[in-house]
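What follows is the residue order along each chain.
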Amino acid sequence: SQYSAVDTNPLSVYIMQPIWNKIIKIVPLWIAPNLLTFSGFVMLLVNYFLLSFYDWDYTASGTGPGLVPTWVWLFSAFTTFCAYALDSIDGKHARRTQSSTPLGELFDHGLDSWATSIFVLSFFSVCSRDNGQTGVSIYTMYIYLSIVLFNFMCSHWEKYNTGVLFLPWGYDISQVVLITAYLFTGAVGVEVWQKPFLFGYYITDVLVILLIGFSLFLSFPQTLYNIHRAYLKKTLKNDSLYEGLLPLVSPLLLFVLLTVWVALSPSNILARQPRLFLWMVGVAFSNVICKVIICQMSSTRTELFHWFLFPLALVVYAAISGLLGWTEEAVLAVLTALVTAAHVHFGVCVGRQLSEHLNIYIFSLKKRVQE
């Protein structure tokens, strides 16, 4: 199916696009578009692991401002901008080198589905977790991450039903906010996040309120409206309501299982291992969404239950019933490692299959020699 995306965000159309059109001219024509996509993603990962090193349990900003060196915040701003830029020009570069392929589209959206959680998890280092005086509660972080992932899911669920990807307004705005926040933190120090900003509210509270407002009153209604419009025009890809709602089943069940674990964990797993738990949420979600993206691109029907729901359900049951006892954290660590390995394995296999099927290389514009 032909890739079609619609971008109506004024910030993107009037400010960012002209910048990307200038940047794209510097990119040598022999570079493969997927290499741009992948480089941006790797920069995000490097930044995430760097922040994890200085701030494993999300307390550095709250307990001892200055525990994270200033250069790290500036590096975060730099990597976030690079990832944003590379993600915005990869498609333009593909058109310019006449190398647009379904593999490129899948590669881009697949990595985006993972990057979405990494952006959020890196940002949590700025606001730090609740220490009684300031900071954001761990549960707020979990809900915040879930809402961002819900938004991402909505735009791909919409594309599954309409065949068109309406780029959410929140994306460009969030990237600009993130880069500004990192630069601001680097310039003034993390203390700025720990002083009331307006009427006793902290900047972090304002951001959470904005995010929830944007999602519930802008993004989600827009998704429903676009699907409804396609229904009226009779351009929906799926005839039945069941078919249309199918992609939502696994992500919602995933969210329910994870929330049950967070709420009923005897050892309060989220408070003990926020970094492991939230990372696992992001990876599991990305894998579920990648399957939806593949179904939507190949016009096949998405599966009802994603495989990961079964082991997760067992672990959650064992945890909340007290069966795991003191091993709960260790089991979470093993589960996180397995899910991450499975997701990477899945990505590599799909990439290989597509590159063989389409007779192209993933990271090179050279043509494959026909066997």
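Residues numbered from 1 in each chain as written. Predicted model: local features only at pLDDT ≥ 70, side-chain atom pairs only at ≥ 80, totals over all residues. Heavy atoms only, no water.

Each helix and strand in the protein chain was counted, giving 13 helices and two strands. In terms of C-alpha radius of gyration, the protein chain reaches 21 Å, essentially the compact-globule figure of 21 Å for 371 residues. Over its C-alpha atoms, taken along the principal directions, the protein chain stretches across nearly 60 × 50 × 45 Å. Within the span of the protein chain, comprising 371 residues, buried residues form 50% of the whole. Intrachain contacts of the protein chain at a sequence separation of at least 6 include 80% that bridge at least 24 residues. Summed over its atoms, the accessible surface of the protein chain is roughly 18,000 Å², and 70% of this surface lies on carbon and sulfur atoms. (Helix = DSSP H or I, 4+ residues; strand = E, 2+ residues; numbered from the N terminus. Rg over C-alpha atoms; globule rule 2.2 N^0.38 Å. Buried < 20%, exposed > 50% of the residue type's maximum accessible area, 1.4 Å probe, protein only. Contact = heavy atoms within 4.5 Å. Areas by Shrake-Rupley, 256 points an atom, 1.4 Å probe, with all protein chains shown as cover.)

This part is about the packing of helix α6 (residues 138–162) against helix α8 (residues 203–232). Where α6 meets α8, the axes come as close as 10 Å, and the angle between the chain directions of the two elements is 15°. The orientation of α6 with respect to α8, classified from their angle, is roughly parallel. Where α6 crosses over α8, the two elements pack in a sense that is left-handed. Residue-level inspection shows Thr-140, Tyr-144, Ile-147, Val-148, Phe-150, Asn-151, Cys-154, Trp-157, Glu-158, Asn-161 and Thr-162 of α6 in contact with α8, the latter providing Leu-207, Val-208, Leu-211, Ile-212, Ser-215, Ser-219, Phe-220, Thr-223, Leu-224, Asn-226, Ile-227 and Ala-230. Class assignment of the residues belonging to the contact of α6 with α8 gives a composition of 14 nonpolar, eight polar and one charged. (Axes fitted to C-alpha atoms, helices over the stretch in contact; angles between N-to-C directions. Parallel < 35°, antiparallel > 145°, perpendicular 65-115°, else oblique. Left-handed = near helix turned anticlockwise from the far one by under 90°. Nonpolar A, V, L, I, M, F, W, Y, C, P; charged D, E, K, R; others polar.)

Okay, the environment of Leu-106 next. On the secondary structure map, Leu-106 appears in helix α5 (residues 102–127). Assessed through its relative accessible area of 10%, Leu-106 is described here as buried. Between the C-alpha atom of Leu-106 and that of Met-297, which follows or precedes it by 191 residues, the distance is 8.1 Å. Beyond its immediate sequence surroundings of up to four residues, Leu-106 is in contact with Leu-111, Ile-293, Ile-294, Met-297, Val-350 and Leu-354.

Take the environment of Ala-271 next. Mapped onto the elements of the fold, Ala-271 is located in helix α10 (residues 269–272). For the pair Ala-271 and Tyr-139, spaced 132 residues apart in sequence, the C-alpha separation works out to 8.4 Å. Ignoring sequence-local partners within four residues, the contact set of Ala-271 consists of Arg-129 and Ile-138.

Attention shifts here to the packing of aromatic side chains. For the coordinates displayed, the defined rule picks out 23 aromatic pairs. Ring centres 6.0 Å apart and planes at 40° place the aromatic pair Trp-20 and Phe-81 in the tilted group. Pair noted here: Trp-20 is in helix α1 (residues 10–24) and Phe-81 is in helix α4 (residues 70–96), with a separation of 61 residues, a long-range link. Consider the rings of Tyr-58 and Phe-124, whose centres lie 6.0 Å apart with planes at 85°: the pair is edge-to-face. Taken together, the residues span a long stretch of sequence, with Tyr-58 in the loop between α2 (33–54) and α3 (60–63) and Phe-124 in helix α5 at a distance of 66 residues. A single burial state applies to Tyr-58 and to Phe-124, both of which are buried. (Phe/Tyr/Trp six-rings, centres within 6.5 Å; stacked < 30°, edge-to-face > 60°.)

Looking now at the pattern of salt bridges. Per the counting criterion, the structure on display carries four salt bridges. For Glu-105, the salt bridge is made with Lys-159, and the minimal N-O distance between the two is 2.8 Å. Taken as a pair, Glu-105 in helix α5 and Lys-159 in helix α6 lie far apart in primary sequence, 54 residues in all. When its relative accessible area of 2% is taken as the criterion, Lys-159 is described as buried. One salt bridge connects Arg-272 with Glu-329, and the closest N-O pair in it is separated by 2.6 Å. Taken as a pair, Arg-272 in helix α10 and Glu-329 in helix α13 (residues 328–357) lie far apart in primary sequence, 57 residues in all. (Salt bridge = Lys/Arg side-chain N within 4 Å of Asp/Glu carboxyl O.)

For Gln-296, the location among the structural elements is in helix α11 (residues 274–298). Residue contacts for Gln-296: discarding those within four places in its chain leaves Glu-105, His-156, Lys-159, Tyr-160 and Lys-237.

So, on to the nonpolar core. Among soluble globular proteins, nonpolar side chains are generally buried collectively. Among the nonpolar cores identified, the biggest contains 95 residues, and Phe-123, Phe-124, Leu-254, Trp-261, Phe-277, Leu-278 and Leu-312 are the most heavily contacted of them. Ranked by residue count, the leading element in this core is α11, at 14 residues. (Core = buried A, V, L, I, M, F, W, Y, C linked by side-chain atoms within 4.5 Å.)

Where α1 contacts helix α7 (residues 169–188), the two axes come as close as 8 Å, and the packing angle between them is 50°. Classified by the interaxial angle, the pair formed by α1 and α7 is oblique. Where α1 approaches α7, its residues Pro-10, Leu-11, Ser-12 and Met-16 are matched on the opposing element by Trp-169, Asp-172, Ile-173 and Val-176.

Between its first and last C-alpha, helix α12 (residues 309–320) extends 16 Å over twelve residues, near the 16 Å set by a 1.5 Å rise per residue. Of the positions making up α12, those classed as buried are Leu-309, Leu-312, Val-315, Val-316, Ala-318 and Ala-319. Residues of α12 that are buried sit in contact with α9 (241–264) and α13. Where α12 terminates, the next one or two residues include Gly-322, which has phi positive at roughly 90°. (Expected span 1.5 Å × (residues − 1).)

Moving on, we get to α5. Helix length check: α5 (26 residues) gives 38 Å between terminal C-alpha atoms against 38 Å at 1.5 Å per residue, within 8%. Taking the largest bend as the criterion, α5 deviates by roughly 30°, centred on Trp-114. Counting buried positions along α5 gives 25 out of 26 residues, so the element sits mostly inside the fold. Positive phi shows up at Ser-128, right after α5, with a value of about 60°. (Bend = angle between axes of the 7 residues up to and from the residue.)

Keep in mind that these numbers describe shape and distance, not what the molecule does.
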